[in-house]
Amino acid sequence: MSDMCVEVGAAALQNPFVKQMVVQLRAMDSYGTYDTWGDEKVLDPMILTKARRREIPVVGDPDEVVVSRVKAYYNAIAVRVEQECGLMAVPMINLTHEGFGRALIMVGKLVVVDKALRDVHRFGFDSVDKLDAEGEKLVARALGTIEKFRAAAED
């Protein structure tokens, strides 16, 4: 992964979900490595082009860096749900060492996101636009569920 896939100053970097994704990735950097990096460089490992995907084996176990990216993604979704509805959203991720599991986001007693995870070692998106679209799609679905079952979300 030598070449950067995220263009400097890309318009998608200004989208609320992408901004939150960068915040979450920076928050997981306990050593301060990202302090001098631009948002493009921080976000770049989330983008898996076809060439990058070919470099990753079809079968493999996720390392801690990949698992932290998955956690950052679902944390960003939870924060965006909180921003939009004003209720606390809590992400819960359960993964096996082989990269299979489930990601849930709870608001009150309501499950607003329920995603089966598989092949986590290959977790990523084709582009920043795809990352934003998928994240905002999950946020919109979660908000629709909250609207429909507001009493359970407030419980």
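Refer to the structure presented above.
Values in this document were obtained by computation on a predicted structure and should not be read as measured data. Chains are numbered independently. Their residues run from 1 in the order of the written sequence. The predicted origin of the model limits local features to residues at a pLDDT of at least 70 and limits the giving and counting of side-chain atom pairs to 80 or more, whereas totals for whole chains, interfaces and linings rest on all residues. Think of the side-chain values as coming from all heavy atoms in the structure, minus any hydrogens and water.

Moving on to the nonpolar core. Counting 43 residues, the largest nonpolar core has Met21, Leu43, Tyr73, Tyr74 and Ile77 as the members making the most contacts within it. Of all the secondary-structure elements, those providing two or more residues to this core are α1 (16-27), α2 (39-43), α4 (64-85), β2 (101-107), β3 (110-117) and α5 (128-148). Helix and strand assignments follow DSSP, with helices taken as H or I runs no shorter than four residues and strands as E runs no shorter than two, numbered in order from the N terminus. Of the residues forming this core, the biggest block, ten residues, is contributed by α4. Residues are treated as being in contact if the distance between any of their heavy atoms lies within 4.5 Å. Apart from the residues lying within four places of it in its own chain, the contact partners of Tyr74 are Pro91, Ile93, Ala103, Ile105, Val113, Lys115, Leu117 and Leu138. Think of a nonpolar core as a cluster: buried Ala, Val, Leu, Ile, Met, Phe, Trp, Tyr and Cys residues, connected wherever their side-chain atoms sit within 4.5 Å. Classification of residues uses two cut-offs on accessible area relative to the type maximum, computed with a 1.4 Å probe and protein chains only: under 20% is buried, over 50% is exposed, and between them is partly exposed.

Our focus in this paragraph is the pairing of β2. Relative to β2, strand β1 (residues 89-95) is paired through seven bridges, and the arrangement is antiparallel. Opposite Val90, over in β2, you have Met106 as the bridge partner. Only when DSSP finds a minimum of two bridges between them are two strands counted as paired. Between β1 and β2, which pair antiparallel in sequence order, lie five residues; one of them, Gly99, sits at a positive phi of approximately 95°. Bridge count for β2 against β3 is seven bridges, and the pairing is antiparallel.

With that settled, the discussion passes to the sheet that holds β3. Taken in spatial order, the three strands line up as β1-β2-β3 in an open sheet, and their pairing is antiparallel. Both outer strands of the open sheet, β1 and β3, are each paired with one neighbouring strand and no more. Ignoring strand direction, the axes of neighbouring strands in this sheet form an average angle of 15°. Angles shown run from 0 to 180 degrees and are taken between the N-to-C directions of axes, each axis being a line fitted to C-alpha atoms and, for helices, limited to the stretch in contact. Relative to the sheet, α4 contacts β1, β2 and β3, its axis offset from that of β1 by approximately 160°. Contacts between α5 and the sheet are confined to β2 and β3, with β3 contributing the most and set at about 145° to the helix.

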